[in-house]
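# Working through the structure, step by step
Residue strings, one per chain:
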Amino acid sequence: MTIAVFPGSFDPLTNGHLDLITRASRLVDQLVVVVGQNTAKTGVFTPEERMAFIQQSVQQLPNVTVRIESGLTVDFMHAMHATILIRGLRNSTDFEYEQGIAGMNRHLDATIETVCLMADARYQFVSSSLLREVAKFGGDLTGLVPPAVATALQARLGSGN
Ligand code: ADP
């Protein structure tokens with residue numbers, strides 16, 4: 001059985017993440033979406049809130065589960081017998097970043113294979129950080145995040161706060 005992990009900050013989940021989760025779920029037997037703590041980023045939503053958004057959005061994907069982890073990706077992958085690490089590429093900046101992470105993870109555990117999926121053209125410009133900026137100034141998030149995420153983002157960051 002092939003088990004893959006898709007780790008990320010998901011602060012919050014976007015439709016770009018969701019597209020990647022859906023596509024990756026077709027490639028493997030089990031996909032575990034892991035909400036991690038990116039030490040370089042401070043969160044708008046707690047890990048529990050981020051996990052809840054993802055859980056609500058993957059209910060129709062029976063082989064996808066969600067959990068929160070801290071520590072090294074290779075360590076929790078080893079513990080859950082996962083061999084494939086899924087990441088997404090939107091542009092050359094992502095490529096440079098992901099190349100570094102993949103190289104380090106290969107150094108730490110050569111049995112783990114990083115598989116990068118190209119972002120769908122509809123979501124190439126979609127990032128959690130940009131969406132947080134748009135939400136702050138009341139911009140329209142329709143089509144970019146699940147409706148529950150749009151509501152929560154506006155409530156937390158919108159100009160009424
Ligand atoms: P991290 O802090 O680990 O980069 P993110 O939540 O920002 O966490 O991203 C997780 C993964 O999802 C990364 O590999 C990123 O490149 C990918 N990703 C983010 N947004 C998109 C998108 N719109 N389309 C495809 N992949 C994406």
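Think of each chain on its own: its residues are numbered from 1, step by step along the sequence as written. This being a predicted model, a pLDDT of at least 70 is required before a residue's local features are given, and a value of 80 or more before pairs of side-chain atoms are given or counted; all residues contribute to the totals for chains, interfaces and linings. The side-chain quantities take in all heavy atoms of the structure and omit both hydrogens and water.

## Points about the overall build of the chain
Rules: Put simply, DSSP marks the helices as runs of H or I at least four residues long and the strands as runs of E at least two long, and each gets a number from the N terminus on. Only the C-alpha atoms count toward the radius of gyration. The rule for a globule is 2.2 Å times the residue count to the power 0.38. When charges are counted, neither His nor the chain ends are considered; positive counts come from Lys and Arg and negative counts from Asp and Glu. To locate a charge, take atom NZ for lysine, CZ for arginine, CG for aspartate or CD for glutamate.
In terms of regular secondary structure, the chain is built from six helices and five strands. Of the regular secondary structure in the chain, the N- to C-terminal order runs β-α-β-α-β-α-β-α-β-α-α. Over its C-alpha trace the chain gives a radius of gyration of 15 Å, about what one expects of a compact globule, namely 15 Å for 161 residues. Its C-alpha atoms put the chain at 50 × 35 × 30 Å along the principal axes. In the chain, 12 positive and 15 negative side-chain charges are present, and the distance between their average locations comes to 3 Å.

## Side note on helix α2 (residues 47-57)
Basically, it comes down to this: A simple rule labels every residue: compare its accessible area, found with a 1.4 Å probe on the protein chains alone, to the largest value its type can have, and call it buried under 20%, exposed over 50%, or partly exposed in between. As used here, the arc is the angular range of directions from the helix axis to the C-beta atoms. By definition in these notes, contact holds between two residues if any of their heavy atoms fall within 4.5 Å.
Within α2, the full set of buried residues consists of P47, R50, M51, F53, I54 and S57. Seen along its axis, α2 keeps its buried residues to an arc of 160°; they face one direction. Where the residues of α2 are buried, they touch α1 (15-25), β2 (30-35), β3 (64-68) and α6 (147-157).

## Brief notes about the layout of surface pockets
Inclusion rule: Only protein atoms enter the calculation, which uses a 1 Å grid: trapped sets of points that fit a 1.4 Å probe without letting it out are cavities, open sets showing protein on both sides within 12 Å along at least five of seven lines are pockets, and any residue with an atom within 4 Å of a point is a lining residue. Grid points are joined across faces, edges and corners, and a volume is the space filled by probe spheres set on the points.
Here the largest pocket defines a volume of roughly 1,100 Å³. Forming the boundary of the largest pocket are 44 residues, of which P7, G8, S9, R87 and Y97 lie nearest the centre. Of all the secondary structure elements, the ones that give two or more residues to the lining of the largest pocket are β1 (3-8), α1, α3 (73-79), β4 (84-89), α4 (92-108) and α5 (128-136). If you tally residues by element for the lining of the largest pocket, the top one is α4, at eight residues.

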